[in-house]
Amino acid sequence: MIFDQSSGIPFLRFAGLPGNGRVQHAIFTRQGGVSPAPFDSLNLSVSVPDEKERVYANRRRAYGLYGRDTDTVVHAHLVHGRDVARVTQADNGTWLPRVDAILTDEPGCALTMNFADCTPILLYDPAHQAIGLGHAGWQGTVKDLPGAMVAAMQREFGSRPAELIAGIGPCIGPCCYEVGEVVITAVHAAFPNPDSLLLPNPQSPAANPHFDLPAANRRNLQRAGVQQIELSGLCTACRTDLFFSHRAENGRTGRFGSIFVLEAT
Ligand SMILES: [Zn+2]
């Protein structure tokens with residue numbers, strides 16, 4: 001990913017996704033906002049006990065990167081499922097209920113979603129000018145939320161998977177993501193060759209393995225026919241200087257944001 005900055009707000013973007021013209025995107029960090037610890041400082045979520053006024057101020061700073069505010073982006077109420085919703089600007093300022101991915105092909109529409117260890121999934125169809133933004137923790141990953149996004153883009157826009165450009169954003173990495181029996185069993189049920197995604201614990205081979213969340217989502221996308229896939233290479237739990245991490249900060253933390261914009265023509 002490429003590190004960039006605008007008006008004191010650091011952000012990252014995928015080298016493979018266009019950075020100007022018809023689409024714009026950014027993965028924000030935790031830096032550049034107004035919230036105090038443990039939400040320091042660019043917390044974009046009111047689902048954590050941060051002051052609403054500070055969250056709104058943070059959203060103005062972050063979404064302002066592309067001239068947006070909380071009422072001119074579409075949000076989603078995430079539930080760790082595999083449901084996908086197609087949205088338009090009529091959904092601006094609302095939270096789509098119980099979906100973990102939102103899609104649009106409407107010029108002018110902007111999508112946003114927040115994270116703290118779960119995987120941001122960005123999909124762009126340059127042939128049909130359509131975009132999708134998704135959220136996959138371990139549950140969305142074993143339920144193949146990325147595959148559901150690709151299928152929805154095929155159905156809604158006529159997208160061809162081989163033409164999609166995908167970005168897998170900063171999430172908890174295999175270095176830090178120790179998992180127990182429930183996740184191990186689910187990974188075995190969801191993936192062929194699951195042991196390549198459940199890596200030996202670096203502390204002790206007898207201890208619980210570490211799940212490779214970004215590699216599992218790359219595999220989900222590949223299985224759906226996507227070929228152009230960029231991984232961030234950044235672990236949210238290793239890099240709590242840059243990101244909020246639910247695991248590394250024992251749940252007392254904020255949420256960093258993302259924005260994906262299809263510009264008006
Ligand atoms: Zn790590």
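Our subject is the structure that appears above.
Residues numbered from 1 in each chain as written. Predicted model: local features only at pLDDT ≥ 70, side-chain atom pairs only at ≥ 80, totals over all residues. Heavy atoms only, no water.

S.K.: Would you mind going over the overall build of the protein chain with me for this structure?
M.R.: What the protein chain contains, in helices and strands, is 5 helices and 15 strands. Taken against the 2.2 N^0.38 rule, which gives 18 Å for 265 residues, the C-alpha radius of gyration of the protein chain at 17 Å falls within 12% of a compact globule. For the protein chain, the spread of C-alpha atoms along the three principal axes comes to 55 × 45 × 30 Å. Expressed as a percentage of the 265 residues in the protein chain, the buried residues total 55%. The contacts of the protein chain with a sequence gap of at least 6 include a subset with a gap of at least 24, amounting to 61%. (Helix = DSSP H or I, 4+ residues; strand = E, 2+ residues; numbered from the N terminus. Rg over C-alpha atoms; globule rule 2.2 N^0.38 Å. Buried < 20%, exposed > 50% of the residue type's maximum accessible area, 1.4 Å probe, protein only. Contact = heavy atoms within 4.5 Å.)

S.K.: It is not clear to me how the coordination of the zinc ion should be interpreted in this structure. Could you clarify?
M.R.: Each angle at a metal carrying four tetrahedral donors should ideally be 109.5 degrees, and each at a metal carrying six octahedral donors should ideally be 90 or 180 degrees. At this site the zinc ion is bound by Cys175 (SG), Cys176 (SG), Cys235 (SG) and Cys238 (SG), with donor distances of 2.3 Å. Bound by 4 donor atoms, the zinc ion shows angles of 104 to 120° at the metal and therefore tetrahedral coordination geometry. Of note, the donors binding the zinc ion are all from one chain and are spaced C-C-x58-C-x2-C. Pair noted here: Cys176 is in the loop between strand S11 (165-168) and helix H4 (181-190) and Cys235 is in the loop between strand S14 (228-231) and strand S15 (256-262), with a separation of 59 residues, a long-range link. By relative accessible area, which is 24% here, Cys176 ends up partly exposed. (Donors = N, O, S within 2.8 Å, 3.2 Å for Na, K, Ca; no water. Tetrahedral: all angles 85-135°; square planar, octahedral: opposite > 155°, others 65-115°.)

S.K.: For this particular structure, what's the right way to read the pattern of salt bridges?
M.R.: Think of it this way: side chains of opposite charge can pair up when their charged atoms draw near. Scanning the model with the defined rule gives 9 salt bridges in all. For Glu249, the salt bridge goes to Arg30, with nearest N and O atoms at 3.0 Å. Linking Glu249 in the loop between S14 and S15 with Arg30 in the loop between strand S3 (23-28) and helix H1 (52-63), this pair joins segments that are 219 residues apart in sequence. Here the salt bridges do not stand alone but share partners, grouping Arg86, Asp105, Arg155 and Glu156 into one network. (Salt bridge = Lys/Arg side-chain N within 4 Å of Asp/Glu carboxyl O.)

S.K.: Help me understand the environment of Ala15 in this model?
M.R.: Of note, Ala15 is situated in the loop between strand S2 (9-13) and S3. With relative accessibility at 55%, the residue Ala15 sits in the exposed group. Placed 152 residues apart in sequence, Ala15 and Gly167 show a C-alpha to C-alpha distance of 9.2 Å. Filtering out sequence-adjacent residues up to four positions away, Ala15 remains in contact with Ile2 and Glu230.

The values reported here are purely geometric and, on their own, carry no functional implication.
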